[in-house]
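Chain and residue survey
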Amino acid sequence: MRPARTDPDAAWPPPISPDETDEERDARLEQEREAKRVSDAIDLALNAEREAKKKNVHGAKILLLGQAESGKSTILKNMQLHFSPTAFHAEAELWRPVIHLNLVRSVNFILNLISPRSSGTTSPTSSIALNDTVRRLIFSLAPLKSVETSLTKRISGSSNTPGADDRTTSKDGPHAHYNPSKAPEIAVRSGAGWKHFLKFRQSGAVSSPEDIQNRRIINACADDIMTLWRNPDVQEKLRQEEISLKDQPGFFLEDVERITREDYLPTPDDVLRARVSTIGPEEHRIPMESSLENGNGKDWIVYDVGGDRSQRAAWAQFFDTVTVIIFLAPVSAFNQALAEDETVNRLADSMKLWRMICTNKLLASVDLILLLNKIDILDAQLKAGVQFGKYVTSYRDKPNETDAVSKYLLDMFTALHKQHSPSKKRKMHPHLTCAIDTKATATVINHIQEVILIKTLSQTNIL
């Protein structure tokens, strides 16, 4: 057998030998056909990539960063509502089981808190008096336990329902941290495609018997759910335990009458408030529907990465070729500890993450958009008498008012960027936000769009 050619300048295909046999000729032709097939496939892939880049020349790659529960998913949903309203409204029905699960988990959280078996976890002075009304509510709302299991299994594929009897279970698995002051969350793995699964389940004309049963149980329990939430003993118990369900994601206990109707269809506001936690990074494409009408649609590619400590190591892999970074810091978390580590203040952790982003040399040319989020909750906390200076001692005796506190925080984050940025030319765009306020957030998104447009035009040498 003749040796294979290793000379890079050798002609291809190689010259035909006059002594070539029929067997060698067949082998040579097959080799040439295979080489052409591979070459054509490479050409097609390259052409497709070029066309995709042409179609998305004014698109953008956006990275959402921030600790867990900073509002990243809500900002993402705001973008989808703002730029792709038709697709957003078309998916509204898919959020109904999520919203129902958010509601049911809040109810079961309260039931676990006030039931006799949970009294061993609290002091005798803080245990609730089990009068006849409370006892009846515990009994009448018991079917919601099975509804929670059913909805959890439907959305995440797991029937795990963490509660008072499962103190070590949370969204990250059976050995993750448990937070006794929060209603448990529904979580799905990245790439799980829960929306596609629910679309398949709902593609039929008739809902499944299990779906119908869940909705009927929730509807039948509506009056008792409202009675439970308004019960003064329950509210006192929550106050004693320093639990504020209103400030937690996925809170719907003040919308019970509306969302428990059997013909309920989620509103955009409901979808923004609904809570599903994704474990791991996810890529989302947001088409600009107004551009699509003109046949010139450009996509935004948004990477929503996990903010839990265990997931932050994956952030760096998305730093390459990113257009802008949107960093969210929940300013209302100044008096809260990390769920992963109760010795770490959440505001201090946000500032540490922000400093890390500002310092990273890979991001020296990437514009940073800072969203000091949940300003509405901060305002409510300060008006309720919570002293900001008690938790942020450097604030000292400044006014315990929203404007003064928000300016102080804005100055601190701005100073960190100025001090640690590897490039003096890099721009930072700060905003005070309430992500569930669609009108105010739309203004912020329009500014983000302007920043991205200028950035992408400068990268293509148009500016």
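Residues numbered from 1 in each chain as written. Predicted model: local features only at pLDDT ≥ 70, side-chain atom pairs only at ≥ 80, totals over all residues. Heavy atoms only, no water.

Some details on the pairing of strand β5 (residues 299-304)
Here is the rule: Think of it in three bands: residues with accessible area under 20% of the maximum for their type are buried, residues over 50% are exposed, and the middle band is partly exposed, with areas taken using a 1.4 Å probe on protein chains only. Secondary structure is summarised from DSSP: a helix means a run of H or I of at least four residues, a strand means a run of E of at least two, and numbering begins at the N terminus for each. Between any two strands, pairing holds if DSSP finds at least two bridges.
Within β5, five of the six residues are buried, which leaves it mostly tucked inside the rest of the structure. As paired strands, strand β1 (residues 60-65) and β5 are joined by five bridges and run parallel to one another. Across the sheet, residue Lys 61 finds its bridge partner in β5, namely Ile 301.

Some words on the UniProt feature "binding site: GTP" (unreviewed entry) in the chain
The condition that has to hold: UniProt positions are given in the numbering used here, feature names are shortened, and annotations may be inferred rather than shown by experiment. Throughout, a residue-residue contact means that at least one pair of heavy atoms, one from each residue, lies within 4.5 Å. Side-chain atoms alone can form a polar contact between residues adjacent in sequence; in general such a contact is a pair of N or O atoms within 3.5 Å, and within protein one must be able to donate a hydrogen while the other accepts it.
The positions UniProt marks with the feature "binding site: GTP" (unreviewed entry) are Leu 272, Arg 273, Ala 274, Arg 275, Val 276, Ser 277, Thr 278, Asn 373, Lys 374, Ile 375, Asp 376 and Ala 435. Within the element layout of this structure, Thr 278 appears in strand β3 (residues 277-279). Exposure remark for Thr 278: the relative accessible area of 21% places this residue in the partly exposed category. By the secondary structure assignment, Lys 374 is in the loop between β7 (367-373) and α15 (375-383). Beyond its immediate sequence surroundings of up to four residues, Lys 374 is in contact with Glu 69, Ser 70, Pro 330, Val 331, Ser 332 and Thr 433. Separated by 2.7 Å, the side chain of Lys 374 and the backbone oxygen of Glu 69 make a polar contact.

A closer look at the environment of Ile 225
Inspection of the secondary structure puts Ile 225 in helix α9 (residues 222-230). In sequence terms Ile 225 and Val 107 are 118 residues apart; their C-alpha atoms lie 7.1 Å from each other. Here Ile 225 is in contact with Leu 103, Val 107, Leu 141, Leu 144, Leu 253 and Val 256, once residues within four sequence places are set aside.

Details of the nonpolar core
Convention followed: Joining through side-chain atoms within 4.5 Å is the link that ties buried Ala, Val, Leu, Ile, Met, Phe, Trp, Tyr and Cys residues into a set, and such a set is a nonpolar core.
Formed by 42 residues in total, the largest nonpolar core has its most connected members in Val 107, Ile 110, Leu 144, Ile 225, Leu 228, Leu 245 and Leu 253. For this core, the secondary structure elements donating two or more residues are α4 (96-114), α5 (132-140), α6 (144-156), α8 (209-220), α9, α10 (232-240) and α11 (256-259). Residues in contact with Leu 144, not counting those within four places in the same chain, are Val 104, Val 107, Asn 108, Ile 217, Ile 218, Cys 221 and Ile 225. Counting residues in hydrophobic clusters, the runner-up holds 38 residues, among them Leu 63, Tyr 303, Val 322 and Leu 382.

Considerations on the side chain of Arg 426
What counts, and what does not: The sign given to each residue is positive for Lys and Arg and negative for Asp and Glu; His and the chain ends receive no count. In what follows, salt bridge is the name for a side-chain nitrogen of Lys or Arg lying within 4 Å of a carboxyl oxygen of Asp or Glu.
Relative to the elements of secondary structure, Arg 426 occurs in the loop between α17 (402-420) and β8 (428-432). Although Arg 426 is buried, it makes no salt bridge; Asp 367 carries the closest opposite charge, 6.8 Å away. Polar contacts involving the side chain of Arg 426 include one to the side chain of Ser 421, which spans 3.1 Å. Excluding residues within four positions of it along the chain, Arg 426 makes contact with Ile 357, Cys 358, Leu 363, Ala 364, Val 366, Asp 367, Leu 368, His 417 and Ser 421.

Regarding the pattern of salt bridges
What the rule picks out here adds up to 24 salt bridges. Residue Arg 136 is joined to Asp 224 by a salt bridge in which the shortest nitrogen-to-oxygen separation is 3.2 Å. A residue pair is termed long-range when its members are at least 10 positions apart, and Arg 136 in helix α5 and Asp 224 in helix α9 qualify at 88 residues. Taking relative accessible area as the criterion, Asp 224 reaches 15% and is therefore assigned buried. Two residues, Asp 255 and Arg 273, come together in a salt bridge whose shortest N-O distance is 2.7 Å. Here Asp 255, found in the loop between α10 and α11, pairs with Arg 273, found in helix α12 (residues 268-273); they are 18 residues apart in sequence, far enough to count as distant. Each member of the pair, Asp 255 as well as Arg 273, carries the same accessibility label: buried. The structure contains a network of salt bridges with shared partners spanning Asp 255, Arg 258, Asp 269, Asp 270 and Arg 273.

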